[in-house]
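Structural overview for review
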Amino acid sequence: MMNFKPPETRTTSSTAEKALSLISKGWEEVRSSADADLQLIKNRANSFKNLADKELENFINSASKSPFIVPTITASATTAPQPQEIDFVKKLRPKLSEIRRAYSSPDFKWAPKGKLRIDLSSIKNAIVAEEEDERFGKWRRVRFKEEGQFGEVNWEPIKAFRTRLRELEEELKNRSSSSVDIFEGIKNSEFVEKVKSSLKSIYKEPEETKGVPPLDVPELLAYLVRQSSPFLDQIGIREDISDKIVESLCSKRRNKLLPEGGSSLIEGEIMNDELDLRIASVLQSTGHCYEGGFWGDSTKPNLSGDKRHVAIVTTASLPWMTGTAVNPLFRAAYLAKLEKQNVTLLVPWLCKSDQELVYPNQLTFSSPEDQVLYIRNWLEERIGFKANFKISFYPGKFSKERRSIMPAGDTSQFIPSRDADIAILEEPEHLNWYHHGKRWTDKFNHVVGIVHTNYLEYIKREKNGALQAFFVKHVNNLVTRAYCDKVLRLSAATQDLPKSLVCNVHGVNPKFLKIGEKAAADRQSGQQVFSKGAYFLGKMVWAKGYRELIDLLANHKTDLDGFNLDVYGNGEDAHEVQSTAKRLNLNVNFMKGRDHADDSLHGYKVFINPSISDVLCTATAEALAMGKFVVCADHPSNEFFQAFPNCLTYRTPDDFVAKVQEAMSSEPQPLTPEEQYKLSWEAATQRFMEYSDLDKVLASETSLDRRRQKVIGKSVSLPNLEEMVDGGLAFTHNCFTGNEFLRLCTGAIPRSRDYDKEHCKDLHLLPPQVENPIYGW
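Note that the structure is a prediction, hence the values are computed from the model and not measured.

Side note on the overall build of the protein
Assigned secondary structure in the protein consists of 29 helices and 14 strands. A burial count over the protein gives 43% of its 777 residues as buried. At a minimum sequence separation of 6, the contacts of the protein that also span at least 24 residues come to 71%. Carbon and sulfur atoms form 53% of the exposed surface of the protein, whose accessible area is close to 43200 Å².

What follows is the structure, given as structure tokens:
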């Protein structure tokens, strides 16, 4: 049986009535408030209208009561009669009253904003007609259409106002014909000039668009050649030849390259910025505005926050002890130490089978987290501080033929778009040989490439090396031009690439500087520091200087009698190198490779490095930091080290013998504090910030609309042919690398356009056919 409770029902009904009453009361308050606001707006509009009427009335009265006084210049001059009221004001008053009544009428309605159509050219012709040409004396009829609401608007009052103004000037001119000075005074009277300037202000010609002569054929050809220099360089025409062509074309138009009043372009040679400015001034005079790229993505990520983000992408990772594994790791640590930006280090992840081929001592990792832990422990043990940066991975595959790791898939996709701000590509040519993905300069706001390796020198040593080097040279030009904003070469030993300059942006492990400081302190206290002779340390492959070393020792066996050399290294050519040295009966002791900071190497006094294939030998810098002598070739790769007194360079084989004997018979000098700083990573990071323009990029506004800014405003109106060429090269390269057959023909690892299933499992990635559905069929 159901139990009803009438009291509770009445209570619920009462509550509902109160709620409805409250809602009704609130609605009444909102409506009354809205009515009050509307009434206030209406009152303010009426007040503004009344004020405008009052001001217009005052203007008419003051103009009617204030006669123009003609200044008397000479006693003989005839004084013009002073009118009591200006005629044109009297005639104009009815017209102004008509306008006021029309616009004050409560029936007047403004046209909707979206439907307003005004022919500004007609207004210009009606108001600012050329006074000296009587053909424009008649006013053109101006129509103001609003799609059927108003029809025509009568502009007769304004036409009459201007007509009476001209009549006034003519009348004053006739009255003062006896005196030119009086006429000039009246003509320049303040009232007339103010009225004329007010009318002309309705439409004003931009001053900067006047007087710009059009371009001629030599100028267009000069600009076309100048902007085509990237393409010309790609087909073998050097930049200096292009500059000479531009100079020859422009010299024919020496006096016509700039508008009147401009400076001459030809001052011994053509200045590129001035030529750009000339082209830009002509484009701007036409009203042209160039707003986008041809090939590239016109939008870049807009990042928010106080810190910028730097992504360092490299081609190797610890525990592989190679330059592209160690140096980017230190760079990430010391950039993060500056605390000006967030840093991510992106390194390749190898599957288990490739790890066994690459990493020493059969060291392997079952997960990326294990490898990250190993890398951080190794780094912090050497730098002495905790580096606050992120380590991420991209899929990589090891190429036995090239003895290097090649990216699999689109490497850029492993940097999230929210962090795609600044990219540092360690070995940009290596990373982009087979890159099939988004263009780096489209995804990132600033891209810096750092060249580590002299690939052409290695390739020339292979079979058909000259032909291979020819193609690789042009591919390197293409990928660095298309994918980098700036390229830093560690030394002049590398290929001369587009957008590049030479600067050593590498330092040495702080551990080596501490070893050098300890050696200097021990020597100062009278202890013997160097108890051993000479040694060489490097990966045991012929290209790392072993060929040069064996040739020097074999050809001067007699001169170097009693000289013994210890060699430390592992590598693919170890057996061949050792058997060759043994066959030539050289005084060389071969030992397994070890860390250069190992205690067993501290006692050596001389480091021998005859390699000419290195770009900037890290082992040479480490030996100098430890206070040792270094005997190396007089070669661009060693130019940075030649400023140190302990660096002994040789040019000929006989000179090599002399330098070795000098080093073995003397003691090296302790490093000064300035020399220690020059070798440090702090100094290297500072050089990198300066020469890569990273300090300027980071100093830009932190609101971070990250689109690349051009220093000269003309670039907004001027299409950049160089950028179009770079974009075209990137597009061509992308099409080429998307074809599996063409990839295989050029030596790519099979099926490396996308990562494989094992990478998906290790890195927790979606299958390639899901990430790229078109290519995944």
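Read on, since the account is not over.
Concerning the packing of helix α11 (residues 323-338) against helix α13 (residues 368-383)
Geometry of a packed helix pair, given as the angle between the helix axes and the separation of the axes. Direction vectors running N to C along α11 and α13 enclose 70°, while the axes themselves pass 11 Å from each other. As the angle between them shows, α11 and α13 are arranged roughly perpendicular. As α11 packs across α13, the resulting crossing turns out to be right-handed. Every residue of α13 that contacts α11 at Val326, Leu329, Phe330, Ala333 and Tyr334 is listed here: Ile375, Trp378, Leu379 and Ile383. For the contact of α11 with α13, the class distribution of residues is 9 nonpolar, no polar and no charged.

Quick word on the sheet that holds strand β1 (residues 308-313)
Backbone hydrogen bonds hold the strands of a sheet together, and the pairing may be parallel or antiparallel. Pairing in this open sheet of 8 strands is mixed, and the strands run β4-β3-β2-β1-β5-β6-β7-β8 from one edge to the other. Two strands close off the open sheet at either side, each with one partner strand: β4 (404-407) and β8 (500-502). If you compare each strand with its neighbour and ignore which way they point, the axes differ by 30° on average. Sheet topology note: the strand β2 (residues 341-349)/strand β3 (residues 390-399) ladder contains 6 bridges and is parallel. Note on β3: the bridge partner recorded for threonine 344 is lysine 390. Sitting on the sheet, helix α24 (residues 681-691) is in contact with β5 (422-426), β6 (446-451), β7 (486-489) and β8, with an inclination near 145° to β7.

A short note on the confidence of the model for the protein
For the protein, the average pLDDT comes to 75, and 65% of its residues sit at 70 or higher. Confidence drops under pLDDT 50 across residues 126-153; counting only partners more than four residues distant or on other chains, this segment forms 48 contacts. Predicted confidence for residues 202-210 stays below pLDDT 50, and this span has 8 contacts to residues more than four positions away or in other chains.

Considering the sheet that holds strand β11 (residues 588-591)
The 6 strands lie next to each other as β11-β10-β9-β12-β13-β14, forming an open sheet whose pairing is parallel. Of all strands in the sheet, those with a lone pairing partner are β11 and β14 (647-650), marking the two edges. Within this sheet the neighbouring strands show an average axis-to-axis angle of 25°, counted without direction. As defined by bridge partners, strand β10 (residues 565-568) adjoins β11 across 4 bridges and the pair is classed as parallel. Each residue of the ladder has a partner; that of leucine 565, found in β11, is valine 588.

Describing the packing of aromatic side chains
Tallied over the full model, the rule gives 20 aromatic pairs. Through a chain of ring-to-ring contacts, three or more aromatic side chains come together here, namely Tyr535, Phe536, Tyr546, Tyr568, Tyr604 and Phe607. The ring of phenylalanine 688 carries the charged tip of arginine 331 above its face, separated from the ring centre by 5.4 Å. Positioned above the aromatic ring of phenylalanine 389, the side-chain terminus of arginine 376 is 5.1 Å from the ring centre.

Observations concerning the pairing of β6
Within β6, 6 of the 6 residues are buried, leaving the element largely enclosed by the surrounding structure. The side-chain alternation of β6 yields two buried faces, one formed by His446, Val448 and Ile450 and the other by Val447, Gly449 and Val451. Bridge count between β5 and β6: 5 bridges; the pairing is parallel. Of the residues in β6, the one forming a bridge with isoleucine 422 is histidine 446.

Thoughts on helix α21 (residues 618-625)
In terms of burial, α21 is largely enclosed, as 7 of its 8 residues are buried. What α21 keeps buried is the set Ala619, Thr620, Ala621, Glu622, Ala623, Leu624 and Ala625. On its buried face, α21 is in contact with α18 (510-524), β9 (532-537), β12 (604-609), β13 (629-633), β14 and α23 (673-679). Just beyond α21, the residue with positive phi is glycine 627, at close to 85°.

Considerations on the pattern of salt bridges
Pairing between side chains of opposite charge can happen when the charged atoms of each approach one another. Going through the model one piece at a time under the given rule, you end up with 16 salt bridges. A salt bridge links glutamate 426 to arginine 331, with the nearest nitrogen and oxygen atoms 2.7 Å apart. Taken as a pair, glutamate 426 in strand β5 and arginine 331 in helix α11 lie far apart in primary sequence, 95 residues in all. A salt bridge links aspartate 726 to lysine 499; its shortest N-O distance comes to 3.2 Å. Separated by 227 residues along the polypeptide, aspartate 726 in helix α26 (residues 721-737) and lysine 499 in the loop between β7 and β8 bring together distant segments of the chain. Taking the relative accessible area as the measure of exposure, lysine 499 reaches 28% and is therefore partly exposed.

A short note on the environment of asparagine 477
Here asparagine 477 is to be found in helix α17 (residues 465-483). Overall, asparagine 477 belongs to the buried group, its relative accessible area being 5%. When the C-alpha atoms of asparagine 477 and aspartate 496 are compared, they prove to be 8.6 Å apart, with 19 residues separating the residues in sequence.

What to know about the packing of α11 against α24
The interhelical angle for the contact between α11 and α24, taken along N-to-C directions, is 80°, at an axis separation of 10 Å. It follows from the interaxial angle that α11 and α24 lie roughly perpendicular. In contact with Asn327, Phe330, Arg331, Tyr334, Leu335, Lys337 and Leu338 of α11, α24 contributes Trp681, Glu682, Thr685, Phe688 and Met689. For the contact of α11 with α24, a count of residues per class yields 7 nonpolar, 2 polar and 3 charged.

Here's the deal with the side chain of histidine 596
Mapped onto the elements of the fold, histidine 596 is located in the loop between β11 and β12. A distance of 2.7 Å separates polar atoms of two side chains, one belonging to histidine 596 and the other to tyrosine 535. With residues near it in sequence (within four places) discarded, histidine 596 still touches Phe512, Tyr535, Leu537, Leu601, Ala619, Glu622, Ala623 and Met626.

The rules behind these values
Residues numbered from 1 in each chain as written. Predicted model: local features only at pLDDT ≥ 70, side-chain atom pairs only at ≥ 80, totals over all residues. Heavy atoms only, no water. Helix = DSSP H or I, 4+ residues; strand = E, 2+ residues; numbered from the N terminus. Buried < 20%, exposed > 50% of the residue type's maximum accessible area, 1.4 Å probe, protein only. Contact = heavy atoms within 4.5 Å. Areas by Shrake-Rupley, 256 points an atom, 1.4 Å probe, with all protein chains shown as cover. Axes fitted to C-alpha atoms, helices over the stretch in contact; angles between N-to-C directions. Parallel < 35°, antiparallel > 145°, perpendicular 65-115°, else oblique. Left-handed = near helix turned anticlockwise from the far one by under 90°. Nonpolar A, V, L, I, M, F, W, Y, C, P; charged D, E, K, R; others polar. Pairing = 2+ DSSP bridges. pLDDT = per-residue confidence, 0-100. Phe/Tyr/Trp six-rings, centres within 6.5 Å; stacked < 30°, edge-to-face > 60°. Lys NZ or Arg CZ within 6 Å of the ring centre and 35° of its normal. Salt bridge = Lys/Arg side-chain N within 4 Å of Asp/Glu carboxyl O. Polar contact = N/O pair within 3.5 Å; in protein donor to acceptor, adjacent residues only side chain to side chain.

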